[in-house]
Amino acid sequence: MTLTMKSFLRRAGQFSLIVVALFTLLGVGDEDARFQYLGHHMMCVCSCGQVLLECNHVGCQYSDRMRMELAAAIDRGDNDDLTLQSFVQKYGPTVVAAPSTSGFGRVAWIMPFAALLAGMAGLVWIVRAWRMRPPPAIADGIQPLRGPELERYREQADKETHL
Amino acid sequence: MSQLSINALPQIGSFALLLALALAGYSFLVGLFALILGGRESDYLGETARRAGIAAFGAIVLASVALVTAAFTNDFSIAYIFHHSNRDLPGPYKFAVLWSGQEGSLLFWSLLLATYGFVLRLRYKTDARLFSHASVVIAAVQVFFLLLLNFAAHPFAVLAGGNIPADGSGLNPLLQYPEMVIHPPMLYLGYVGFTVPFAFAFGALVMKYPGEKWIHITRRWTMVTWGFLTIGIFLGAHWAYSVLGWGGYWGWDPVENASLMPWLMGTAFLHSVMMQEKRGMLKTWNMWLVFGTFFLSILGTFLTRSGIISSVHAFAQSSIGTWFLVFLLMIFITFGVFYILNFRYLRSEHKLESMLSRESSFLFNNLLFVIACFTVLWGTFFPVISEWVQGNKVTVGAPFYNNVAVPIALILLLLTAIGPLLAWRRTSFESLKRNFMWPAAGALSIGALMMILGVRPWKDIAYFYSLMAAMLAALVTFTVVSEFVRGGQVIQRHTGFSLPGSMLHLYHRNTRRYGGYIVHFGVAVVIIGILGTPFNREAEKEMGFGDKMNIGPYTLVCQSYTQDDNPNYGNEWAIINVFKGNEQITTMYPERREYKASSQPQTLPRIHETWGEDLFLVRDLYLVYEGRNQDTGRPIIKAHLNPMVPWIWIGLVIMIFGTITCLVPNAEPIRATVPVRVETVPAVGAGD
């Protein structure tokens, strides 16, 4: 059975999505990768405003200790959520470098994509409204061109003027 | 200079600021009155308002000169000079004192606005009535800043108690870096400059200005302003990279975000305004975009100065946040009222004919820019919203933006590649396929090559983003090249020139279009620079004499440490020899300073660029002398190996070159050399 162009494109799209999902989800992290990941998802609380692993203040009262605590949590086998929770309990919610994906923090993550979807919907609506608009009036006696003839002229105009 | 003349500086400055306020107030009120009144008599009134605006520029220049002179003459009776300067501060930094603190930077803002206003008022004959409207809008903004300077953040306030200290507290060490003399003026030229297109747009809205002439008038203002803002943002990133010593260049700090938001909105405006120029469409949208860009510039200033958002960059918390809030409300209400009154004048003249057209690509491009801007705004304000809703602040840092903004940026990059291939009105699918095929094949090849060479997108989402960004940047590059080649081939057919000559002619003939493509190419190069981030490496070690540290293919060997002293600071630096294999490739000198006036330390990283050594083509070896371990007393050296970063700065240069190209007038088209058959025309006698 031969595929039509449309169904071919649809299947290609579905295949791409699966490949992307596999690439994204099948990652397996070692301990060093987890340390890097979690260390870059936490802030140093010395009010330098930097990510924990990027705090470069020698003699910082917090960053060295926090890094050791993080390494210890990973060695103990604590999972990511548990590790972050223990840091939140000890240093407060601002220690996490991004809002949580539960509770009100979820709103932070959803809003940009919700805005994007709303914008897309609005755009589609506007485009449809524009396309439904009646064409500009044509002077009496002029026959409008349509179909292949119009396309041919457009193609020719495009070729001659497209610089 | 005598003591008397030194003490006169606060008086001169204060008087100049009051005079400037009176003149700007006159320019605004009388200019407004003249516009309302209309008629020939009002032209004379309008002329006085214009001249008052020019005179206000003179007064603000005087105030600025007084403040800089106070810095150079060490007039520590002025509180601002005492807090931001000291006797041994080098000359260029004394000049930079003007924008290094709250009050001075507001004066600097006012000076730049007055300069823009001065140029605008001199060129009023282009369209006297439209320029009068724009002049009134600029005067209104000027009045706000002068009110602030005179009553809320006075740069010439003298120290309480009457005692003049022997020396000042000194300039923040982080600001004592050559780029800090350039970065803020560039950024401010960008922020302030967006007032001009807004003033023209608002003027056009108020007077229901027919046609698109206001867009032609403001096009160059907008391009120049956008260029300044771009330079300002990138210089800020380069300063962060070269001075802060954490090995990165963008931390998604609220103040960085404040500069990015008007840039995103301004970029959307620069694209969508083409639809209004060419097709008479998106008039309402453009009006709101230019308003949004101006509004976000002021909002950024509010963010920096109000203290509502925690930031390492923010100025001291003060009451001027309320002033800004009131001003933001006023401009929103004023603009909204005039929009409601006159929105019918902004109707589109044409309809969208096809989804596969340049118009629709601009629509999607604009949507993505605005959503990107919203995302940054949302992330910046979310800590405040969170505190308001649930009583505790949260941090919104790099992980949030990387996960939310990066996908949007990737789609934008895809549109940057596709957009130029689409014709106005409509494009056939066949035509798109024909033009898109080779660039797409090239981009896929780059992706495949990266995977063959070891990039594993399934290991980490950051690698996946990097691979996508590389492919899309390649797609943009190939599209730009194909556009040059296709256009060059058309010219070549008509003129018989060589292909490179034809491409050069093409470039001169439509500078705006091909300048825009160069900017796109610059963006692709910047993206290539950014996509190296997931491959960064770092190492840290206490290093005594002869100690070694390995990072990537390099071995760092500590040769020695040395110290120096000058009136401004004492410093200590490490001498590190860098080997690749057995070959010594360079010696680096990471430094640490201790500024005397402020007793603040500063690290000065050293960066060595390595070209053409491996897949990444170029990378930075970045060394920081972090100081000494408090327990052992041994020096600590931190090394970063950052692939691709230099491409970011190269991309900026390309973007600016493209922007300048867009500003150059088009060359005359050359005549075709194809012979044309000429028919004999009968002679016409005199008197016929």
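In this text the structure is predicted, and so the values were computed from the model without any measurement.

Caption draft 1: Up close: the overall build of chain B. Looking only at helices and strands, chain B has 19 helices and 10 strands in total. Here the C-alpha radius of gyration of chain B, 28 Å, is about what a compact globule of 688 residues would show, namely 26 Å. Across the 688 residues of chain B, 50% fall into the buried class. Pairs at least 24 apart in sequence give 72% of the contacts found in chain B among residues at least 6 apart.

Caption draft 2: Just the packing of helix 9 (residues 213-244) of chain B against helix 19 (residues 645-663) of chain B, in detail. All names here are of chain B. The N-to-C vectors of helix 9 and helix 19 enclose an angle of 170 degrees; their axes lie 10 Å apart at closest approach. One way to sum up the angle between helix 9 and helix 19 is to call them roughly antiparallel. Contacts between helix 9 and helix 19 involve R220, M223, G227, T230, I231, F234 and H238 on the former and, on the latter, W649, L652, M655, I656, T659, C662 and L663. For the contact of helix 9 with helix 19, the residue count by class is nine nonpolar, four polar and one charged.

Caption draft 3: Region of the structure containing the environment of B:A204. Residues and elements named next belong to chain B. Considering the arrangement of structural elements, one finds A204 in helix 8 (residues 195-206). C-beta crowding within 10 Å serves as the criterion here: with 27 such atoms nearby, A204 is assigned to the buried category. Residues A204 and W214 lie 10 residues apart in sequence; the distance between their C-alpha atoms is 6.9 Å. Apart from the residues lying within four places of it in its own chain, the contact partners of A204 are L130, Y209 and W214.

Caption draft 4: Highlighting the pairing of strand 2 (residues 548-551) of chain B. All names here are of chain B. As paired elements, strand 2 and strand 3 (residues 554-565) share four bridges and run antiparallel to each other. When the bridges of strand 3 are listed, M549 appears paired with L556. Following strand 2, the chain reverses through two residues before pairing antiparallel with strand 3; G552 in that reversal takes a positive phi of roughly 55 degrees.

Caption draft 5: Highlighting the interface of chain A and chain B. Of the residues lining the interface, 39 residues belong to chain A; the matching set on chain B comes to 49 residues. Put simply, the parts of the chain that give the side of chain A that touches chain B at least two residues each are helix 1 (5-25) and helix 5 (105-132) of chain A. It is helix 5 of chain A that provides the largest number of residues to the side of chain A that touches chain B, a total of 13 residues. Taken together, the residues that form the side of chain A that touches chain B break down as 24 nonpolar, 11 polar and four charged.

Caption draft 6: Summary view of the sheet that holds strand 1 (residues 537-542) of chain B. All names here are of chain B. Strand order in the open sheet formed by four strands is 1-10-9-8, with antiparallel pairing between adjacent strands. Two strands in the sheet have a free side with no partner beyond their single neighbour: strand 1 and strand 8 (606-611). Geometrically, the sheet is characterised by an average inter-axis angle of 15 degrees between neighbouring strands, direction not taken into account. As paired strands, strand 1 and strand 10 (residues 635-643) are joined by six bridges and run antiparallel to one another. Residue pairing for strand 10: E538 is matched across the bridge by H640. Contacts between helix 19 and the sheet are confined to strand 8, strand 9 (618-628) and strand 10, with strand 9 contributing the most and set at about 115 degrees to the helix.

Caption draft 7: Examining the environment of B:P635 more closely. Residue and element names in this part refer to chain B. Note on placement: P635 falls in strand 10. Since 24 C-beta atoms lie within 10 Å of it, P635 is described here as buried. Residues P635 and G544, 91 residues apart in the sequence, show an inter-C-alpha distance of 6.9 Å. The contacts of P635, once residues within four sequence positions are left out, are E542, M543, Y561, A574, Y625 and R628.

The rules we used
- Residues numbered from 1 in each chain as written.
- Chains lettered and ligands numbered in written order.
- Predicted model: local features only at pLDDT ≥ 70, side-chain atom pairs only at ≥ 80, totals over all residues.
- Helix = DSSP H or I, 4+ residues; strand = E, 2+ residues; numbered from the N terminus.
- Rg over C-alpha atoms; globule rule 2.2 N^0.38 Å.
- Buried ≥ 20, exposed ≤ 12 C-beta atoms within 10 Å, placed from the backbone.
- Contact = placed C-beta atoms within 7 Å.
- Axes fitted to C-alpha atoms, helices over the stretch in contact; angles between N-to-C directions.
- Parallel < 35°, antiparallel > 145°, perpendicular 65-115°, else oblique.
- Nonpolar A, V, L, I, M, F, W, Y, C, P; charged D, E, K, R; others polar.
- Pairing = 2+ DSSP bridges.

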